[in-house]
Amino acid sequence: MQSVIRIILQRLALGFLTLFVVSIVIFTAVNMLPGDFAQAILGQGATPEAVESIRRDLGLDQPPITRYFQWLGGALQGDLGNSFAQANFASFVGADSGVRTTVAQQIAPRFANTMFLAAVTACIAVPVSLTLGILAALFRNSVFDRATNVTTLTSISSPEFFLAYVLILFLAVLNPVLPSLSNIFEGMSFGDRLEKTLLPALTLTLVVTAHMMRMTRAAIINLLASPYIEMARLKGMSPMRVIVKHALPNALAPIINVIALNLAYLITGVVVVEVVFVYPGIGQLFVDSVKIRDIPVVQACCLIFAAAYILLNLLADILSILSNPRLRHPK
């Protein structure tokens, strides 16, 4: 038990170190974006004095190292700063009537929408992938196995926006079953929200199913030649029971890893899908903020993406350790 706790603590420490390094990369990359927010908000006719005044009010005139540690210190305390774009112009020039909008207030509803989309996708993709993987392993080298591999490889090889437009064509234009745009707003009923989320969720399902299905198939097939599987067969167990009861539990470690990676993608890789369907999630907010150079929002979105990816990978490692006795008791 102590060895498991030590391994988990090592993984957590490595995860926090990785997130710290990533935060440096995020801050550097965002601040290297071309353009200037002060210049963009004032337009081409802005005077140098006005631009400098706004930069001073926003803290953009400070050295990058100072701004980085101020941002990092605030993020550690849960303060992601104030949004440039959502602030009243009067607050930029020092007027008392200006009201600033915090980044957390702007991101919170968008992040909730993205999590809802990811949850709907996971509820569809994970059972479908595991079922297809088990059936492909059970009937390997059959017509079903080949057809499933070709279909999933085709879907994963196609860009997300292409799959999105294909689904829009067939499910919203030619056969108006689902809405083509995801007009999500506060106060919607669960049924309406689910209906408007279903088309982007199906798009993401087509993207992530192949990874999980193929890993499930490969992990189970790799175990079918094991002696205990042969013994179960000799006892007269049905092939499906052998796979589900004996092979699948021992194949959980790689399957958990690939599921966690794809769940991380559902949070961090939804940018293109949200833009296509105009889904009001964090990916859409990220793209809009990059366009107007809203640096605090862009940095916060990138940090959330990185933290979600790292934490889900850590969760996959921990679950793999707990599900595999050989990892719990390393030599």
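Please refer to the structure placed before this passage.
What counts, and at which threshold
- Residues numbered from 1 in each chain as written.
- Predicted model: local features only at pLDDT ≥ 70, side-chain atom pairs only at ≥ 80, totals over all residues.
- Heavy atoms only, no water.
- Helix = DSSP H or I, 4+ residues; strand = E, 2+ residues; numbered from the N terminus.
- Areas by Shrake-Rupley, 256 points an atom, 1.4 Å probe, with all protein chains shown as cover.
- Buried < 20%, exposed > 50% of the residue type's maximum accessible area, 1.4 Å probe, protein only.
- Contact = heavy atoms within 4.5 Å.
- Salt bridge = Lys/Arg side-chain N within 4 Å of Asp/Glu carboxyl O.
- Axes fitted to C-alpha atoms, helices over the stretch in contact; angles between N-to-C directions.
- Parallel < 35°, antiparallel > 145°, perpendicular 65-115°, else oblique.
- Left-handed = near helix turned anticlockwise from the far one by under 90°.
- Patch = residues over 30% accessible without salt bridge, like charges linked within 9 Å, V, L, I, M, F, W, Y side chains within 5 Å.
- Core = buried A, V, L, I, M, F, W, Y, C linked by side-chain atoms within 4.5 Å.
- Phe/Tyr/Trp six-rings, centres within 6.5 Å; stacked < 30°, edge-to-face > 60°.
- Lys NZ or Arg CZ within 6 Å of the ring centre and 35° of its normal.

Caption draft 1: Region of the structure containing the overall build of the protein. When you go through the protein residue by residue, the secondary structure sums to 16 helices and zero strands. Carbon and sulfur atoms make up 67% of the accessible area of the protein, which amounts to about 17400 Å² in all.

Caption draft 2: Structural context of the environment of Leu33. With respect to the element layout, Leu33 can be found in the loop between helix H1 (2–31) and helix H2 (37–42). Judged by relative accessible area, which is 31%, Leu33 ranks as partly exposed. Separated by 257 residues in sequence, Leu33 and Val290 place their C-alpha atoms 8.6 Å apart.

Caption draft 3: Representation of the side chain of Thr114 within the structure. Its place among the elements puts Thr114 in helix H6 (residues 103–138). The residues contacting Thr114, other than those within four sequence positions of it, are Leu266, Ile267, Val270, Glu274, Tyr279, Gly281, Ile282 and Gly283.

Caption draft 4: Structural view of the pattern of salt bridges. On inspection of all chains with the given rule, the structure shows one salt bridge. In this structure, the salt-bridge partner of Arg217 is Asp145, at a minimum N-O distance of 2.8 Å. Placement of the pair is Arg217 in helix H9 (residues 190–223) and Asp145 in helix H7 (residues 143–157), with a sequence separation of 72 residues. For the pair Arg217 and Asp145, a shared accessibility class is recorded, and that class is buried.

Caption draft 5: Seen up close, the packing of H7 against H9. Their axes nearest at 7 Å, the elements H7 and H9 cross at an angle of 140 degrees. When the axes of H7 and H9 are compared, the pair comes out oblique. Our pair here, H7 against H9, has a crossing hand that is left-handed. Residue-level inspection shows Asp145, Thr148, Asn149, Thr152, Leu153, Ser155 and Ile156 of H7 in contact with H9, the latter providing Leu206, Val207, Thr209, Ala210, His211, Met213, Arg214 and Arg217.

Caption draft 6: Looking closely at a nonpolar patch on the surface. Together, Leu14, Leu17, Phe20, Val21, Ile24 and Val25 give the surface a local cluster of nonpolar side chains, amounting to about 530 Å² of exposed area. Mapping Val21 onto the fold places it in helix H1.

Caption draft 7: Representation of unusual backbone geometry in the model. Even without being glycine, Asn141 reaches a positive phi, approximately 65 degrees. Within the chain, Val278 stands out as a residue other than glycine whose phi angle is a positive 50 degrees. Checked against the element boundaries, Val278 lands in the loop between helix H13 (271–276) and helix H14 (282–292). Classification of Val278 as partly exposed rests on a relative accessible area of 43%.

Caption draft 8: Seen up close, the nonpolar core. In terms of nonpolar packing, the biggest core is built from 48 residues, with Leu199, Leu204, Val208, Met212, Ile220, Leu266 and Phe277 touching the most fellow members. Secondary structure elements with two or more residues in this core: H6, helix H8 (160–173), H9, helix H10 (227–234), helix H11 (239–250), helix H12 (252–268), H13 and helix H15 (295–323). If we ignore the near neighbours within four places in the chain, the residues touching Leu204 are Leu117, Thr121, Tyr265, Leu266, Val270 and Val273. Residues Leu72, Ile107, Phe286 and Ala306 belong to the second largest nonpolar core, which totals 26 residues.

Caption draft 9: Here's a closer look at the packing of aromatic side chains. Evaluated as defined, the whole model comprises six aromatic pairs. Between the aromatic rings of Tyr68 and Phe69, the centroid separation amounts to 5.2 Å while the plane-to-plane angle is 70 degrees, which identifies the pairing as edge-to-face. Overall, the relative accessible area of 8% leaves Tyr68 in the buried class. Taking the centre distance of 5.9 Å and the plane angle of 90 degrees together, the rings of Phe116 and Phe190 count as edge-to-face. Taken together, the residues Phe116 in helix H6 and Phe190 in helix H9 connect sequence positions 74 residues apart. Here Phe116 falls in the buried class, since its relative accessible area comes to 17%. Given the relative accessible area of 58%, Phe190 is considered exposed. Three or more aromatic residues joined by ring pairs make a cluster, and in this case those are Phe27, Tyr68, Phe69 and Trp71. Over the face of the ring belonging to Phe116 we find Arg193, whose NZ or CZ atom lies 5.7 Å from the ring centre.

Caption draft 10: Spatial organisation of the environment of Thr102. Its place among the elements puts Thr102 in the loop between helix H5 (89–92) and H6. The partly exposed category is assigned to Thr102, whose relative accessible area is 23%. With 20 residues separating them along the chain, Thr102 and Asn82 place their C-alpha atoms 4.1 Å apart.

Caption draft 11: How the structure looks around the side chain of Asn262. Assignment of secondary structure puts Asn262 in helix H12. Look past the residues within four positions of Asn262 in its chain and what remains in contact with it is Val208, His211 and Met212.

None of this, on its own, says anything about what the molecule does.
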